[in-house]
2 protein chains.
Amino acid sequence: MKQKKYFLSEDRMPKFWYNIAADMPNKPLPPLHPATGEPIGPEALAPLFPMELIEQEVSTERFIEIPEEVREKYLMYRPSPLIRATELEKALKTPAKIYFKYEGVSPSGSHKTNTAIAQAFYNAKAGTKKITTETGAGQWGSALSYACALFGIECEVYMVKVSFQQKPYRKIMMNTYGANVYPSPSNRTEAGKRILEQHPNSNGSLGIAISEAVEMAVKDDQTKYSLGSVLNHVLLHQTIIGEEALKQFEMADDYPDIVIAPLGGGSNFAGLAFPFLRNKLQNKKEVRAIAVEAASCPKLTRGKFMYDFGDTQGLTPLLPMYTLGHNFEPEPIHAGGLRYHGASVLVSQLLKDGLVEASALNQIECFKAGQLFAKTEGIIPAPESNHGIAQAVREAMICRETGEQKTILFNLSGHGFLDMAAYGDFNEGKLVEHELSSAEIERSLAEIEASQPKMAI
Amino acid sequence: MKQKKYFLSEDRMPKFWYNIAADMPNKPLPPLHPATGEPIGPEALAPLFPMELIEQEVSTERFIEIPEEVREKYLMYRPSPLIRATELEKALKTPAKIYFKYEGVSPSGSHKTNTAIAQAFYNAKAGTKKITTETGAGQWGSALSYACALFGIECEVYMVKVSFQQKPYRKIMMNTYGANVYPSPSNRTEAGKRILEQHPNSNGSLGIAISEAVEMAVKDDQTKYSLGSVLNHVLLHQTIIGEEALKQFEMADDYPDIVIAPLGGGSNFAGLAFPFLRNKLQNKKEVRAIAVEAASCPKLTRGKFMYDFGDTQGLTPLLPMYTLGHNFEPEPIHAGGLRYHGASVLVSQLLKDGLVEASALNQIECFKAGQLFAKTEGIIPAPESNHGIAQAVREAMICRETGEQKTILFNLSGHGFLDMAAYGDFNEGKLVEHELSSAEIERSLAEIEASQPKMAI
């Protein structure tokens, strides 16, 4: 029988995260202070994050050691398996070899746990008593709730309202880990109140929820804030995914031609792709890396590369990134984790430099791919993860046309056990596509372009 | 760092199931024909099952080879990990070593997939077009739906009504795999109609759902029936769990003093415990094997060993087992998989002979243990699985008293991602215990005792 799953032994779990900034031909532009337009220093982030995370945020070291305490907790579920999707290949009648890295084995069900544990550890070490955060579909909130339980930190989660309503089980899960969860926009913060005044029926967005969580953290010395994606240190922690996959492809005596992952803020994609991109940037091995976004939130394919805020209320520094404008409010698609207006600075720079590719997919195509995956490989994928699967199916079907036996790798970033309502809508034909007009995007971008700081791009 | 997880490589996955009948000092009594009171032959089961499964049902061979096609599908998720619950041990301050075998890695989320794949395979081989079945909490129905999708068989599931209402996501999951799901009692069968006439508000039970599924299978030549527990061949397929665990304990250079698993029909318990009991029956190694039932459905601890039907309507042969009477309708506890009136013939005989132990636990104790497990080991367990955890916690706390460093193994038979509503009730203090009176049990048993066949026990 063909080997199906590749497990690394625990003693071979990587001991270092990979910082792609060290290998990028064009280094990422600095974050700017919104008032002065000047680059901000690490100290500006001190109210939000413990110093060790800030140091990682600005580091140019190629490899950063994973603390032993973090590795010990990683062993709860890592190394995660690399799996050959043999049944999916058969169903597609493709000569392509399809592999997926399965991050759904983590306790909270997605890759988010990789950075949640690291962030909770550094916070605990720095004496943080409480962490606030935002969550979209709830994957990130669950991961951080669990990580906070492990390190004895209080956890307060602002959950995008539409997801709070669509996914009640996520709230219960976070409560079970001991966290407090509030639908966002809420009345607990000034940011939330402002939004509710203007839009009493707001569905919420990640940008709004970030504003709320940041506001609560800034208010109190012993409270810090934690972000589940976008920032350099978050992407860094996720690279353990790709580092493991590199070793597992050695075991399989294979190497991917194409690496695919969904993109919300960028950590899912970066986590899998960056270690493979190292080989590309160092001219060792070629690879196509494709970030897959939701067609209803297409910052990579239809947004602009410029300075924008990470949140809706403009509380964060300005970041150089592909964005749809920080006021952009995406349609309430089920892939809540992809409903973010911008993309990480690192991924944005790589895309601008032509080193990675982007693809935007409609949700019905993604759910179809997800259902086919469920019927063949058994695992019900998270709606976000369906975007990666759908792109892999597209590439595999091209191979069927051309006869090429390419090796395709995608990140199955999480399972969909808590997203069954979305599958219910899909099964009953209730999913609709929201056509996003160019005028809408231009309008949203125009606001930002008007206020670009002087050293704009 | 201490090793946390023990993974067998795919090539070391067991190639044989273990049939404990070969080693039992007292062989199980035969099933009887309800009308004649005479032992029934294999041919009596032919309308329900393909012949290869019937042969396994009555086999006395010690080891039965797992077909290559089944092993190939097992590789989707097997071998499953053996995990040391290091964080739980710390929280309990116990000198005991606690391990769990984690069956929640299976696509449908529980151990049920082990027999579902085997049964679907033998049915496909025999030309079966459609399989009917019952399901309680939905673990079994999901597993069979997936297995049927793998082998191209139609699947029709009768789901106990209270679970159908409590767990809507399970239905969607089965639909996503392509199955049709009906709440039971339904109007689709004579059995269902009879129940609804007498009890229009019936919560349903596994016994009733079995009656419905059996009735539908008997009606049609190309339709067979499939049971998720109780029968010998089902228990047989689950022994791969314990066979793997035996090898994994060799890797860990350890051996369990106590083996624990929840018991609904018996396959969860048998799957983990039987291979360890082989060493006990062959006088090689001692072990305590504890089956944990729900206090509200206590056939092992408060029922009687006698001949009874497997279903409510009396469509099955009479089986010699510990039972509360086939009309017993347990309270609608969240651990739906434990709401079955009887216990498997094999487990019943072993209990009668003093070779295994039984324990009955209340649901609040079980949910408390489950939440502690979630906060420490991260995984949210299925309500059924919480019974195993709670018993393991009891044993570990005894070790804390005595200072003994016992090795405890329990079967984490499934995760609880689809049971979050139950945790919601628990978090909000809404769970109540239902005191089951002795009079109620006696009443239920009296009906059965009056109609025992002549060669009764």
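Residues numbered from 1 in each chain as written. Chains lettered and ligands numbered in written order. Predicted model: local features only at pLDDT ≥ 70, side-chain atom pairs only at ≥ 80, totals over all residues. Heavy atoms only, no water.

## Looking at the overall build of chain A
Check the secondary structure of chain A and you find 18 helices and 15 strands. Projected onto the principal axes, the alpha-carbon positions of chain A cover approximately 60 × 50 × 45 Å. The 457 residues of chain A split such that 67% are buried. Nonlocal contacts in chain A, meaning residues at least 24 apart in sequence, comprise 78% of its contacts between residues at least 6 apart. Accessible surface for chain A amounts to roughly 14,900 Å². Of this, 49% is attributable to carbon and sulfur atoms. The centroid of the 47 positive side-chain charges in chain A is displaced by 4 Å from the centroid of its 54 negative side-chain charges. (Helix = DSSP H or I, 4+ residues; strand = E, 2+ residues; numbered from the N terminus. Buried < 20%, exposed > 50% of the residue type's maximum accessible area, 1.4 Å probe, protein only. Contact = heavy atoms within 4.5 Å. Areas by Shrake-Rupley, 256 points an atom, 1.4 Å probe, with all protein chains shown as cover. Lys, Arg positive; Asp, Glu negative; His and termini not counted. Charge placed at Lys NZ, Arg CZ, Asp CG, Glu CD.)

## Let's talk about the relation of the copies chain B and chain A
Note on the copies: chain B fits chain A at an RMSD of 0.0 Å, the axial shift is 0.0 Å, and the rotation between them is 180°. These values place the two chain copies in the arrangement generated by a two-fold rotation axis. Identified as the residue of chain B closest to the rotation axis by C-alpha distance is Phe417 of chain B, at 2.9 Å. When you check the interface residues of chain B against chain A, 100% turn up at the interface there too, and the contact is symmetric in its surfaces. (Least-squares fit on C-alpha atoms with pLDDT ≥ 70 in both.)

## Some points on helix H9 (residues 206-219) of chain A
Residue and element names in this part refer to chain A. Over its 14 residues, H9 extends 20 Å from the first C-alpha to the last, a length consistent with the 20 Å expected when each residue adds 1.5 Å. With 12 of 14 residues buried, H9 lies mostly within the body of the structure. Packing partners of the buried residues in H9 comprise strand E6 (130-135), strand E7 (154-160), strand E8 (180-184), helix H8 (190-198) and strand E9 (223-226). (Expected span 1.5 Å × (residues − 1).)

## Structural notes on the nonpolar core
Among the nonpolar cores identified, the biggest contains 144 residues, and Trp17, Tyr74 and Tyr225 of chain A together with Trp17, Tyr74 and Tyr225 of chain B are the most heavily contacted of them. Discounting residues that sit within four places of it in the chain, Tyr225 of chain B has contacts with Leu48, Phe49, Ile131, Thr132, Thr133, Glu134, Ile210, Ala213, Val214 and Ala217 of chain B. (Core = buried A, V, L, I, M, F, W, Y, C linked by side-chain atoms within 4.5 Å.)

## With respect to the pattern of salt bridges
Here the structure, examined in full by the defined rule, presents 49 salt bridges over all chains. With a shortest N-O distance of 3.5 Å, Glu72 of chain B and Lys90 of chain A are connected by a salt bridge. With Glu72 of chain B in helix H2 (residues 68-74) and Lys90 of chain A in helix H3 (residues 86-92), this pair bridges two chains. Owing to a relative accessible area of 45%, Lys90 of chain A belongs among the partly exposed residues under this scheme. (Salt bridge = Lys/Arg side-chain N within 4 Å of Asp/Glu carboxyl O.)

## Comments concerning the pairing of strand E9 (residues 223-226) of chain B
A regular strand places its side chains so that they alternate between the two faces of the sheet. All names here are of chain B. Of the two faces of E9, both are covered, the one formed by Thr223 and Tyr225 as well as the one formed by Lys224 and Ser226. Sheet analysis places strand E6 (residues 130-135) next to E9, joined by four bridges and oriented parallel. Among the inter-strand pairings, Thr133 is bridged to a residue of E9, identified as Ser226. (Pairing = 2+ DSSP bridges.)

## Overview of the packing of aromatic side chains
Under the criterion given, the structure shown has 37 aromatic pairs over all chains. Consider the rings of Phe100 of chain B and Phe373 of chain B, whose centres lie 5.1 Å apart with planes at 80°: the pair is edge-to-face. Highlighted residues: Phe100 of chain B in strand E5 (residues 97-102) and Phe373 of chain B in helix H15 (residues 363-377), separated in sequence by 273 residues. With respect to class, Phe100 of chain B is no different from Phe373 of chain B; both count as buried. Ring pairs connect the aromatic residues Tyr99, Phe249, Tyr255 and Phe276 of chain A, which therefore count as one cluster. In this structure, Arg188 of chain A packs its charged tip against the face of Tyr182 of chain A, placed 3.9 Å from the ring centre. We note Arg278 of chain B situated over the ring of Tyr18 of chain B; from NZ or CZ to the ring centre the distance is 4.5 Å. (Phe/Tyr/Trp six-rings, centres within 6.5 Å; stacked < 30°, edge-to-face > 60°. Lys NZ or Arg CZ within 6 Å of the ring centre and 35° of its normal.)

## Some words on empty space enclosed by the protein
As enumerated under the stated definition, the model contains nine cavities of 30 Å³ or more in all. Estimated volume of the largest cavity: approximately 460 Å³. Every residue lining the largest cavity is counted, 33 residues in all, and those nearest its centre are Tyr102 and Val105 of chain A together with Tyr102, Gly104 and Val105 of chain B. Residues belonging to the lining of the largest cavity are distributed by class as follows: 23 nonpolar, seven polar and three charged. (1 Å grid on protein atoms, 1.4 Å probe; cavity = no way out; pocket = protein on both sides within 12 Å on 5 of 7 lines; lining within 4 Å. Points joined across faces, edges and corners; volume = space filled by probe spheres on them. Nonpolar A, V, L, I, M, F, W, Y, C, P; charged D, E, K, R; others polar.)

## Things to note about the side chain of Glu244 of chain A
In this fold, Glu244 of chain A is placed in helix H11 (residues 240-251). Ignoring sequence-local partners within four residues, the contact set of Glu244 of chain A consists of Leu8, Met13, Pro14, Arg78, Pro79, Ser80 and Lys101 of chain A.

## Describing the interface of chain B and chain A
The interface is formed by 49 residues belonging to chain B together with 49 residues belonging to chain A. Summed over both partners, the interface of chain B with chain A comes to about 4,100 Å²; 64% of that surface belongs to carbon and sulfur atoms. Summed over the shared surface of chain B and chain A, the result is six salt bridges. Linking chain B with chain A are 18 residue pairs in polar contact (both at pLDDT 80 or more), by the criterion used here. Sorting the residues of the side of chain B that touches chain A by element identifies H2, helix H3 (86-92), helix H5 (139-151), helix H7 (168-176), H15 and helix H17 (420-427) of chain B as the ones contributing at least two each. Of all the elements, H7 of chain B adds the most residues to the side of chain B that touches chain A, at six residues. Across the side of chain B that touches chain A, the residue classes break down as 23 nonpolar, 13 polar and 13 charged. (Buried area = accessible area lost by both parts, 1.4 Å probe. Polar contact = N/O pair within 3.5 Å; in protein donor to acceptor, adjacent residues only side chain to side chain.)

## Considering the environment of Ala213 of chain A
All names here are of chain A. Locating Ala213 in the fold gives a position in helix H9. By relative accessible area, which is 0% here, Ala213 ends up buried. Distance from Ala213 to Met1, taken between C-alpha atoms, is 51 Å for residues 212 residues apart in sequence. Residue contacts for Ala213: discarding those within four places in its chain leaves Thr132, Thr133, Glu134, Tyr158 and Tyr225.

## A closer look at unusual backbone geometry
All names here are of chain A. Here the bond from Ser184 into Pro185 is cis, since omega is 5°, no more than 30 degrees from zero. Relative to the helices and strands, Pro185 resides in the loop between E8 and H8. For Lys93, which is not glycine, the phi dihedral falls at a positive 50°. Mapped onto the elements of the fold, Lys93 is located in the loop between H3 and strand E5 (97-102).

## Some points on the confidence of the model for chain A
The predicted model of chain A averages 95 in pLDDT, with 99% of residues at 70 or higher. Predicted complex, confidence summary: ipTM 0.93, pTM 0.95. (pLDDT = per-residue confidence, 0-100.)

## A closer look at the sheet that holds strand E1 (residues 5-6) of chain A
Residue and element names in this part refer to chain A. Within the open sheet, the seven strands sit side by side as E1-E4-E5-E15-E10-E11-E14. Their pairing is mixed. The open sheet terminates on both sides in strands that have one partner only, identified here as E1 and strand E14 (357-361). Bridge count for strand E10 (residues 258-262) against strand E11 (residues 288-294) is five bridges, and the pairing is parallel. Bridge pairing links Val259 to Ala289 in E11. Against the sheet, helix H15 (residues 363-377) contacts strand E4 (82-84), E5, E14 and strand E15 (407-412), and its axis sits at roughly 95° relative to E14. Taken strand by strand, helix H16 (residues 383-402) contacts E5, E10, E11, E14 and E15, and its axis lies near 150° from that of E10. (Axes fitted to C-alpha atoms, helices over the stretch in contact; angles between N-to-C directions.)

## Some words on the state of the cysteines
Linking two cysteines covalently through their sulfur atoms gives a disulfide. All names here are of chain B. In this structure the tally under the stated criterion is zero disulfides over all chains. No disulfide involves Cys155; its nearest neighbouring cysteine sulfur is the one of Cys148, lying 4.1 Å away. Between Cys297, a free cysteine, and Cys366, which holds the nearest cysteine sulfur, the sulfur-to-sulfur gap is 13 Å. Residue Cys297 is classed as buried on the basis of its relative accessible area, which comes to 0%. (Disulfide = S-S within 2.5 Å.)

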